[in-house]
Amino acid sequence: KHTPALPSLLSFVRMVLGSIIGGLADSYGRKRLCLCYCLSYTFSVLMKHCRHFHVLLLGRVGGGLATSLLFSVFESWLIRAHG
């Protein structure tokens, strides 16, 4: 059964995670977090090939982290480098 509150909850989590990642990008550098994106996305893709539920769940968490990094860090790095 589909829960109507679930998309709103996921949007809220992404908003909070995006704010945290923005602060991390300012502290550790955008280039380092872009490399973290590559690692977390690779981790996510590799974990999706496993048949164990908990490993699949970790892969989804890694994919969510990678998506947050993708939509926040790369653009700010480009603007900072060429702006």
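Refer to the structure printed above.
Residues numbered from 1 in each chain as written. Predicted model: local features only at pLDDT ≥ 70, side-chain atom pairs only at ≥ 80, totals over all residues. Heavy atoms only, no water.

Notes on the side chain of serine 40
- Counting through the fold element by element, serine 40 comes out in helix H2 (residues 30-47).
- Under the relative-accessibility criterion, serine 40 is labelled buried at 10%.
- One polar contact links the side chain of serine 40 to the main-chain carbonyl oxygen of tyrosine 37, over a distance of 3.2 Å.
- Beyond its immediate chain neighbours, meaning those up to four positions away, serine 40 contacts Gly62, Leu65, Ala66 and Leu69. (Helix = DSSP H or I, 4+ residues; strand = E, 2+ residues; numbered from the N terminus. Buried < 20%, exposed > 50% of the residue type's maximum accessible area, 1.4 Å probe, protein only. Polar contact = N/O pair within 3.5 Å; in protein donor to acceptor, adjacent residues only side chain to side chain. Contact = heavy atoms within 4.5 Å.)

Side note on the nonpolar core
- The biggest cluster of nonpolar side chains holds eight residues, and these are Ile21, Ala25, Leu33, Cys34, Tyr37, Ala66, Leu69 and Val73.
- When residues of this core are traced back to their parent elements, those giving at least two are helix H1 (6-28), H2 and helix H3 (53-70).
- Take this core: its biggest share by element is three residues, from H2.
- Among all residues touching leucine 69, those that are not within four sequence positions of it are Ile21, Leu33, Cys36, Tyr37, Ser40 and Phe74. (Core = buried A, V, L, I, M, F, W, Y, C linked by side-chain atoms within 4.5 Å.)

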